[in-house]
Amino acid sequence: MIRRLVAALSIACAGTASAQGLSGPSSVEAELKPGDGLTDPQYRSEFPRNIAPGWFRWKDRLAESGFRFSVDYLALGQSTNADLGSGEAAGGIARVYGSWQATQRGSLTFKIEDRHGYTDVAPQFLGPDGGALSITGTAFNDNGLLLTNLFWTQRAENGAWTLQVGQIDVTDFVDIYGLVSPYSGFQNLSFNTNPTINTPNQGIGIAGGIKLSENFYAVASVADANADPSDPSFDVFSDGNLFKSFEIGYTSGFDRIYFDNVHLTLWHADAADDGSRAEDYGAVFSAAWFVDNKWMPFVRAGASKGTAALYDRSVSAGLGYYGRNTDLAGLGLNWAEARNIDGDQFTLEAFYRFSISPGLQITPSLQFISNPLLNPNQDSITLFSLRTRIVF
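1. Considerations on the overall build of the chain
And step 1. The secondary structure content of the chain amounts to four helices and 16 strands.
And step 2. Its C-alpha atoms give the chain a radius of gyration of 20 Å, within 12% of the compact-globule value 21 Å for 392 residues.
And step 3. Projecting the C-alpha coordinates of the chain onto the three principal axes gives extents of approximately 60 × 50 × 40 Å.
And step 4. Sorting the 392 residues of the chain into buried and exposed places 55% on the buried side.
And step 5. Counting contacts in the chain only where the partners sit at least 6 residues apart, residues at least 24 apart contribute 63% of the total.
And step 6. Per element, the accessible surface of the chain, about 15,500 Å² overall, is 59% carbon and sulfur.
And step 7. The centroid of the 27 positive side-chain charges in the chain is displaced by 11 Å from the centroid of its 41 negative side-chain charges.

2. Topic: the pattern of salt bridges
And step 1. Tallying each qualifying case throughout the model produces 16 salt bridges.
And step 2. Its salt-bridge partner being R300, residue D175 comes within 2.7 Å of it at the nearest N-O pair. Placement of the pair is D175 in the loop between β5 (161–168) and β6 (203–211) and R300 in strand β11 (residues 295–305), with a sequence separation of 125 residues. Across this residue pair, the class does not change: D175 and R300 are buried.
And step 3. Between D312 and R313 there is a salt bridge whose closest N-O contact spans 3.0 Å.

3. Section: the confidence of the model for the chain
And step 1. Summing up the model confidence of the chain, the mean pLDDT is 90 and the portion of residues at 70 or higher is 92%.
And step 2. The low-confidence segment residues 1–20, where pLDDT is below 50, has 81 contacts with residues more than four positions distant or belonging to other chains.

4. A few points about the environment of E31
And step 1. With respect to the secondary-structure elements, E31 resides in helix α2 (residues 28–31).
And step 2. C-alpha of E31 to C-alpha of Y97: the two residues are 66 residues apart in sequence and 8.6 Å apart in space.
And step 3. Residue contacts for E31: discarding those within four places in its chain leaves P25, S26, R95, Y97, Y183 and R389.
And step 4. Polar side-chain contacts of E31 include one of 3.2 Å to the side chain of R95.

5. Side note on the packing of aromatic side chains
And step 1. This model, assessed by the stated rule, comprises 16 aromatic pairs.
And step 2. With a centroid separation of 4.8 Å and an interplanar angle of 35 degrees, the aromatic rings of F186 and F191 are classed as tilted. Residues F186 and F191 agree in their burial class; the two are buried.
And step 3. In this structure, K59 is placed above the aromatic ring of F69, and the distance from its NZ or CZ to the ring centre is 5.5 Å.
And step 4. The ring of Y183 has R95 lying over it, and the distance from NZ or CZ to the ring centre is 4.3 Å.

6. Remarks on the nonpolar core
And step 1. Membership of the largest hydrophobic core comes to 33 residues, with the highest contact counts inside it found for F173, Y177, L179 and M296.
And step 2. No other element matches strand β7 (residues 216–224), which puts three residues into this core.
And step 3. With sequence-adjacent residues up to four places away left out, Y177 is seen in contact with P25, F186, F191, N192, Y258, S286, A288, M296, F298 and R300.
And step 4. Core analysis: the next-biggest nonpolar cluster, separate from the first, contains six residues, L74, I93, F140 and Y183 among them.

So, how was this worked out
- Residues numbered from 1 in each chain as written.
- Predicted model: local features only at pLDDT ≥ 70, side-chain atom pairs only at ≥ 80, totals over all residues.
- Heavy atoms only, no water.
- Helix = DSSP H or I, 4+ residues; strand = E, 2+ residues; numbered from the N terminus.
- Rg over C-alpha atoms; globule rule 2.2 N^0.38 Å.
- Buried < 20%, exposed > 50% of the residue type's maximum accessible area, 1.4 Å probe, protein only.
- Contact = heavy atoms within 4.5 Å.
- Areas by Shrake-Rupley, 256 points an atom, 1.4 Å probe, with all protein chains shown as cover.
- Lys, Arg positive; Asp, Glu negative; His and termini not counted.
- Charge placed at Lys NZ, Arg CZ, Asp CG, Glu CD.
- Salt bridge = Lys/Arg side-chain N within 4 Å of Asp/Glu carboxyl O.
- pLDDT = per-residue confidence, 0-100.
- Polar contact = N/O pair within 3.5 Å; in protein donor to acceptor, adjacent residues only side chain to side chain.
- Phe/Tyr/Trp six-rings, centres within 6.5 Å; stacked < 30°, edge-to-face > 60°.
- Lys NZ or Arg CZ within 6 Å of the ring centre and 35° of its normal.
- Core = buried A, V, L, I, M, F, W, Y, C linked by side-chain atoms within 4.5 Å.

This is the structure:
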């Protein structure tokens with residue numbers, strides 16, 4: 001998957017027809033590719049392909065004609081020893097996503113999701129519910145039916161540039177690295193898209209990337225800062241409430257663009273006209289390097305000026321390990337400060353993604369939050385999670 005995922009960032013591609021551009025590990029293009037990029041991955045099982053061979057043969061025939069899609073379901077359960085709140089949360093995400101290669105260099109990408117909670121508190125909100133200023137279950141909320149992707153991608157013939165227009169998700173390409181996906185990697189926002197960035201919900205926007213040299217690239221975007229994927233709107237640029245980003249990065253080679261990657265991202269989000277969101281802006285730095293195609297150490301930091309982003313300052317460091325059977329282990333430590341809240345909060349997350357097959361993964365994880373900023377009466381909070389994913 002990873003090699004093809006890398007190809008999907010077609011700002012870096014020398015341009016096969018299937019390359020989609022601006023696609024990080026949590027993007028549709030990434031989700032459509034099995035595996036983890038290692039040479040000759042060894043799968044434990046062919047489930048669910050072996051129980052529904054006709055379905056997958058049909059999908060394969062469609063893929064040969066340029067239309068690729070998948071249906072998956074993710075479930076996350078969490079339990080915590082916090083003195084406050086409900087102490088547990090569970091939820092699921094049902095998704096249909098795919099892409100249609102309409103022309104040699106143009107494609108249409110779509111993704112529809114239903115995000116729902118099994119409990120009164122969804123996993124995304126279990127951290128604040130228990131007194132931690134922390135998103136412990138990124139993306140697992142109860143927002144219902146969402147249109148999260150519906151955009152056109154156009155690429156240069158030689159892969160020198162890529163443009164995306166439509167309903168986009170800026171977290172697919174803003175400040176990405178190999179472990180960014182909350183569906184297959186870390187669950188805490190501290191180790192996903194940087195928590196000092198006030199990223200908007202999925203909505204109408206324009207994003208582009210360009211290959212500057214053999215090792216340098218740039219990516220920029222303008223998107224709706226007030227986006228609501230449950231009620232998509234095309235009235236975006238008239239009110240001037242926009243999210244803007246610009247990133248410049250270095251990679252060892254464009255076939256490894258977000259595995260060997262160092263980048264600086266600048267961003268700005270306008271205040272909402274109704275006063276519900278303050279103006280916010282900031283900068284983040286990220287460095288990750290894939291060593292021997294097994295180990296990925298990373299260091300990520302950010303700072304913001306405003307009140308809308310989760311943290312005012314944040315520094316994360318950690319390590320990922322990629323097994324040949326497509327297992328993935330991760331360990332991360334985060335330090336954060338929040339505006340107008342005294343104290344420092346530390347977050348540790350450790351997980352192990354057990355890949356039974358390309359279509360079935362089980363991921364237990366542990367989060368430990370020291371000095372929870374919203375509950376100064378408790379020294380620390382421990383949280384256990386179990387995430388599953390099945391793909392058809």
